[in-house]
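Single-letter residue listing:
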Amino acid sequence: MAIFLAKRLTMMLLTMIAASFLVFAVCEFTPGSVARKSLGPFATQEQVDLLTRKLKADDPLLVRYGRWAGVLLGVIPDPLQDPDTGLNFKDSRGAQYFGNFGYSTLNKLPVNDVIWDRLGNTAILGGLAFLLIVPLSIVFGIFSGLKEGGVLDRVLSIVSITFTSIPEFASGVFLVTLFVILWPVLPGTSPLDTGSGWSIPSQLVLPVAVLVIYDFGYVARMIRVSMIGVMEKPYIRTAVLKGMTTRQVVLGHALRNAMIAPFTVLLLQINFLISGVVVTELVFAYPGFGRLLLDASLFGDIATIEAATLITVAIAVVTQFIGDIGYMLLDPRIRLR
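Definitions and cut-offs
The numbering scheme is per chain: residues are counted from 1 as the chain's sequence reads. Local features in this predicted model are restricted to residues of pLDDT 70 or higher, and side-chain atom pairs are both shown and tallied only at a pLDDT of 80 or more, whereas totals for entire chains, interfaces and linings draw on every residue. Only hydrogens and water are set aside when side-chain values are computed; all heavy atoms of the structure are taken into account. Secondary structure is summarised from DSSP: a helix means a run of H or I of at least four residues, a strand means a run of E of at least two, and numbering begins at the N terminus for each. Exposed residues in this analysis have more than 50% of their type's maximum accessible area, buried residues have under 20%, and partly exposed residues fall in between, with area computed by a 1.4 Å probe over protein chains only. Pairs of residues are marked as contacts when any of their non-hydrogen atoms sit within 4.5 Å. The Shrake-Rupley method, run with a 1.4 Å probe, gives the accessible areas here. Residue values count only the displayed protein chains as cover. Positive residues here are Lys and Arg, negative ones are Asp and Glu, while His and the chain termini are left out of the count. Charge positions are represented by NZ for Lys, CZ for Arg, CG for Asp and CD for Glu. We define the nonpolar core as a collection of buried residues of types Ala, Val, Leu, Ile, Met, Phe, Trp, Tyr and Cys that are connected through side-chain atoms lying within 4.5 Å of one another. UniProt positions are given in the numbering used here, feature names are shortened, and annotations may be inferred rather than shown by experiment. Only rings of Phe, Tyr and Trp enter the pairing, Trp through its six-membered ring, and a pair is recorded when the two centres are within 6.5 Å. The plane angle decides the type: under 30 degrees is stacked, over 60 is edge-to-face, the rest tilted. A fitted line through C-alpha atoms represents every axis, and for helices the fit uses only the stretch in contact; the resulting angles, taken between N-to-C directions, go from 0 to 180 degrees. Angles are sorted into four bins: roughly parallel if under 35 degrees, roughly antiparallel if over 145, roughly perpendicular if 65 to 115, and oblique for all others. Helix crossings are classified by the rotation of the near helix relative to the far one: an anticlockwise turn of less than a right angle makes the crossing left-handed, while a clockwise turn makes it right-handed. Classification convention: Asp, Glu, Lys, Arg as charged; Ala, Val, Leu, Ile, Met, Phe, Trp, Tyr, Cys, Pro as nonpolar; all other residues, Gly among them, as polar.

Undergrad: Can you help me understand the overall build of the protein chain in this one?
TA: Along the backbone of the protein chain there are 14 helices and 2 strands. Seen through its principal axes, the protein chain has C-alpha atoms that stretch 80 × 60 × 30 Å. The buried share among the 337 residues of the protein chain stands at 43%. Taking the intrachain contacts of the protein chain between residues at least 6 apart in sequence as the baseline, contacts between residues at least 24 apart amount to 66%. In the structure as shown, the protein chain presents an accessible area of about 17,500 Å², 69% of it carried by carbon and sulfur atoms. Averaging the locations of the 26 positively and 23 negatively charged side chains of the protein chain gives two centres separated by 13 Å.

This is the structure we're talking about:
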C-alpha cells in the first residue's frame, strides 16, 4: 500500500514538473517579448526595456524556467514587485511566498486575488452539477443495462443520446427561451449578484441544468455498457440460480464490479466541470474559472493563463490519483500488482 501510494505521488510530482515546463515554454514562445507579455499591451517601451533587463529575458529557456519556478515556489522574490522597475506591482502577501503566480495585467491585481474566487464559483457550479449527474447516470445506466434491448432500455438510450448530442449553448438558449422569456420564473443570467432581485440559488438553476443535460447521458451510457458486461458473468448466473432477488444480485454483486470502468469516466467529469464549462459560463455571464481563462486568453494575460493552466493540470493529476485509490478499493487484485 505504501509503495503503491509512493509511486503514484512520485508520478504526480513528475507530471506537474513536466506540465509546468510545457506551460512556461509555450507561453514564452508565443509572439512578443517576455516583458511585453508580462506588462500587457499598454506598457511603455521604457517599462518593457527595464523589465527585460530585470527579468534577464536573454537567458536560456531552462534558466528562465528555473527562475519562474523559483518565484512560484517562493524560493526567490518576484522581480515584478521590485520598486526599481517603477511598475508599482504590490501583493499583500509579499514578494516571496509559495504559490506566487504573478500579477494579472487584465485585472490589475495579483493573480491569487482573482483566480481563487473564480475557481470557487466554478466549484459551486460544478459541484451541484456533479451531485445530480452521478445518481442520475447510475440509475439510468443500471436500468438500461438490466433491461438490455427492451422498451425501457431503448427509451433511456434515446433520452441519453439525445441530451448528450445537444451542445451546451443550444440547451442554454432553449432553457432561457422556455423559463425566462415564455415562462419568466428564472433569471437569464447568473452574475451571482442579488442586486437584480433574483436569489443566488435561482441564478444557479439554469447553468446547472445545462451541465447536467449535457453530461449525464454520456456517463449513463458508460455505466449501461459496463452493467451489461457484468450481468453476463458466471458469478451473476450463480447468484440468480441460488434464488437471490434481482435487488440482491444488483446491489450485492453487480453494481460494485460494474462501477470499476465508469469510475474513471466519473472522475474525468470533475476535470470537465472545473475547466471545461467555458461555454456555459459565457452563456449565463457566470463569473467562473473558465470565463476568467477565456478573458485572459483574449487579453493576453500570460500570468493568469499560466496559473489557470497549472491549476487545471493539478486538478487532473489529483483526480487521477483519487481514481487509482478508488480502483484499488473497488478491485483488490490491483493491490497485488
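We are not done yet, so read on.
Undergrad: Got a minute to help me understand the nonpolar core in this structure?
TA: Across soluble globular proteins, you tend to see nonpolar side chains buried next to one another. Judged by nonpolar contacts, the single largest core of 20 residues is most densely connected at Ala129, Ile133, Leu211 and Leu273. Where this core is concerned, the elements lending two or more residues are helix H5 (111-146), helix H8 (200-231) and helix H11 (260-275). Counting residues per element, this core draws most heavily on H8, at 8 residues. When near neighbours in sequence (up to four residues on either side) are disregarded, Leu211 contacts Leu125, Ala129, Ile133, Glu168, Phe272, Leu273, Val277 and Thr280. Val111, Ile115, Leu119 and Ala307 belong to the second largest nonpolar core, which has 19 residues in total.

Undergrad: Help me out: how do you make sense of the UniProt feature "domain: ABC transmembrane type-1" (unreviewed entry) in the protein chain in this one?
TA: Within the UniProt annotation, "domain: ABC transmembrane type-1" (unreviewed entry) is assigned to residues 119-323. Within the segment residues 119-323, helix and strand shares are 81% and 0% respectively, and the terminal C-alpha atoms sit 22 Å apart.

Undergrad: Sorry, what's going on with the packing of aromatic side chains here?
TA: By convention here, two paired aromatic rings are described through the distance between centres and the angle between planes. Taken as a whole, this structure holds 9 aromatic pairs when the rule is applied. Aromatic pair Phe163 and Phe216: ring centres 6.0 Å apart, planes at 70°, arrangement edge-to-face. Linking Phe163 in helix H6 (residues 151-165) with Phe216 in helix H8, this pair joins segments that are 53 residues apart in sequence. Members of the aromatic cluster, each reached through a chain of ring pairs, are Phe21, Phe24, Tyr65 and Trp68.

Undergrad: Help me understand the side chain of Gln269, please; the structure alone is not making it clear to me.
TA: Considering the arrangement of structural elements, one finds Gln269 in helix H11. Here Gln269 is in contact with Phe130, Asp215, Tyr218 and Val219, once residues within four sequence places are set aside.

Undergrad: What exactly am I supposed to notice about the packing of H6 against H8 here?
TA: To characterise two packed helices, one gives the angle between the axes of the helices and the distance between these axes. Two elements in contact, H6 and H8, have axes whose closest approach is 7 Å; the angle formed by their N-to-C orientations is 135°. Our classification of the angle between H6 and H8 gives oblique. Crossing handedness for the pair H6 and H8: left-handed. Packed against H6, whose contacting residues are Asp153, Ser157, Ser160, Ile161, Phe163 and Thr164, the element H8 presents Ile213, Tyr214, Phe216, Gly217, Tyr218, Ala220, Arg221 and Arg224 at the interface. Across the contact of H6 with H8, the residue classes tally to 7 nonpolar, 4 polar and 3 charged.

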